[in-house]
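# Structure assessment
So you can see what is in the structure, the chains are spelled out below.
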Amino acid sequence: MKGFLYFFKYALRKQPKYILLSVLSTVMSALSPVLLIYIPKLILDTAADGFEEEAILFVLLYVASFLILNIGTSWVGYGAGNYSSRLFSDFQMDMSERLMDADLDMLESNAFQEQSEKAKNYIYAGGWGFGYIFTCSMQIIQHSITAISYIYIIYKFSPLVVAVNLLFTLISFRVGGSIKKKEKQDQDEKIKHERKTHYYTNIISDHKYMKDIRVFSYKPTLLRKMRNHYDANVRFYARIRGRHVLSETLSNLFYVIQIGLGYFFVISMLVRGTISVGDFTLYISALTSYAQIMGAILDKIVYVHSFDMYFQDFRDYMNIPKMQSGSGRVVDCSRPLSIEFRNVSFRYGTSDTYALKNINLKLDSADRIAIVGENGSGKSTFIKLLMRLYDPTEGTILVNGVDIREYSYEDYIGLFSAAFQDYSLFAATIEENITMSDQEKMEESFVQELSEIGLLDKVINQYPQHFDTNVYRIFDDRGIEPSGGEGQQIAIARSLHRVSKVKILDEPTAALDPRIEYELYQKYDLITQGAISFFVSHRLGSCKFANRILVFSKGNIVEDGSHSELMQKCGLYSELFSNQASLYQKEGG
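The model shown is predicted, which means the values in this text are computed figures rather than measured ones. (Residues numbered from 1 in each chain as written. Predicted model: local features only at pLDDT ≥ 70, side-chain atom pairs only at ≥ 80, totals over all residues. Heavy atoms only, no water.)

The strand order across the open sheet built from four strands is E2-E1-E4-E5, with neighbouring strands paired in antiparallel fashion. Two strands in the sheet have a free side with no partner beyond their single neighbour: strand E2 (356-364) and strand E5 (402-403). Each of strand E1 (338-346), E2 and strand E4 (394-399) is contacted by helix H12 (residues 379-386), which is oriented at about 120° to E1, the strand it contacts most. (Pairing = 2+ DSSP bridges. Helix = DSSP H or I, 4+ residues; strand = E, 2+ residues; numbered from the N terminus. Contact = heavy atoms within 4.5 Å. Axes fitted to C-alpha atoms, helices over the stretch in contact; angles between N-to-C directions.)

Evaluated as defined, the whole model comprises 16 aromatic pairs. Here the aromatic cluster, defined as three or more aromatic residues joined through ring pairs, consists of Phe341, Phe382, Phe534 and Phe552. Here Arg347 stacks its cationic end above the ring of Tyr354, 4.9 Å away from the centre of that ring. For the cation-ring pair, Lys357 lies above Tyr354, with the distance from its terminal atom to the ring centre recorded as 4.0 Å. (Phe/Tyr/Trp six-rings, centres within 6.5 Å; stacked < 30°, edge-to-face > 60°. Lys NZ or Arg CZ within 6 Å of the ring centre and 35° of its normal.)

Look at helix H17 (residues 484-497): 20 Å from first C-alpha to last across 14 residues, which is about the 20 Å you get at 1.5 Å a residue. Among the 14 residues of H17, 13 are classified as buried, and the element is accordingly described as predominantly covered. (Expected span 1.5 Å × (residues − 1). Buried < 20%, exposed > 50% of the residue type's maximum accessible area, 1.4 Å probe, protein only.)

It is worth spelling out the packing of helix H3 (residues 52-100) against helix H11 (residues 311-318) at this point. Relative placement of two packed helices is described by the angle separating their axes and the distance separating the axes. Put simply, H3 and H11 touch, their axes get as near as 10 Å, and they point 60° apart. Between H3 and H11, the crossing angle belongs to the class labelled oblique. Facing H3, whose interface residues are Phe91, Met95, Arg98 and Leu99, H11 presents Phe314, Tyr317 and Met318. Class assignment for the residues of the contact of H3 with H11 results in six nonpolar, no polar and one charged. (Parallel < 35°, antiparallel > 145°, perpendicular 65-115°, else oblique. Nonpolar A, V, L, I, M, F, W, Y, C, P; charged D, E, K, R; others polar.)

Structure below.
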């Protein structure tokens, strides 16, 4: 019941009225069926004895009880539902905040993705909804109160019938529980099946995939893989349904035996005249309702137990490590920045291969650095470590002579602005995508600067709403679906807007047209004024304006110098530059 206790404490802290209304609803729902089977007995007995007025009063009491309990329960449930929605919003906000502060290396791991799916089985109870474990637990309490009332009524009639019913209840719990426990194994397997299903569903409905599927005739292969997967799904769900049918069959069998024995005893006593017609109605209703409610309790207990098994996965998920904020030290920006990589190595997740190995490097505020190398050489990893999106596996990165892990994370990350190659755009206005705030407006001088470079000409000159135009149509039907070039321009504008001590442009011009790329290079000094700049690019011709070029290969810095110095060395940079230059000459010729 750890999952129930966690949810109870969380709800009591966040939305205590939800707990209050849930308890009230549980008590009302528990008493309602007992009263509504007991009052008819009183009506029948008083009517049979000729007490007409008393019988009418009991009828009115029955109607009043029905209205008060059922309508009252509905309105209390309505209030509890509203507070449940608020509680869900609180929970989603807490979980989102934790994930946004989490260690990126952990977020990207396959183990975390699988753990995330398991945690959602606790959070959403396999699709039944948020807080279903708590709801089930309260229903167990509700049904238990009602069941005890029924047992008391049956006991007054016959202790033997109570003993027989309890025996069959224990057998039902034992058999039904052992069958339904296997659903936990099914649920783990179901997670893997559904991840594959979601993958196939997503790619066939995403237009980004359709070009490659059609151009490269991938359709037959993809359909064959999908058919194999869906055939496996059919067999898997058939096994689940078979187990469910077996459980239902045994449950119905036990129910019929209990009710049959109960009817036999009650009818025999009615025939002998030892009980009244009102007693007969009461006992039959109690017996029937008891058997049904014990089945419901069994189902709820199994559900709670099954999803409670995922509670530890949920706790691990919610306790995902945050990027450590250090001692709260603040970077001294009144002095020129110095950066040093000291014996830095890094591996992604559980990989045995180093993405970077034994990097030693010193940089100062006067450096305009170009980073070059072939794909997978470690360029982007170097930038991510510098920005502390990841922490080194080995070694230390120092800024102004201090290990960056000692700085306040929020203060340290504030040193940087970046235009990433794999940038992200959000379903918000273009202005908000640039300022990254719904409270901040761009200065007119900044818009003029964008215009001079040629960035976002279409936004400035063609879109009626200009920078108030929404990206994507998720929240606004008039939104735009930006092309690769437009998206990259927004990402670059975002980087330029932020005042920072370190500017990073990671393949920023890959989708830009040549005119904008030329203007960006011409104004590079102005753009990066007063900051250390890093320019990651495959286009080596763009590296001439840098005063220092770092050449990466297989996770190592193999060359370091200016363009002219590296060309004279006739090493890897010279080879790559010459190859690109000859390619451009052939294309031009």
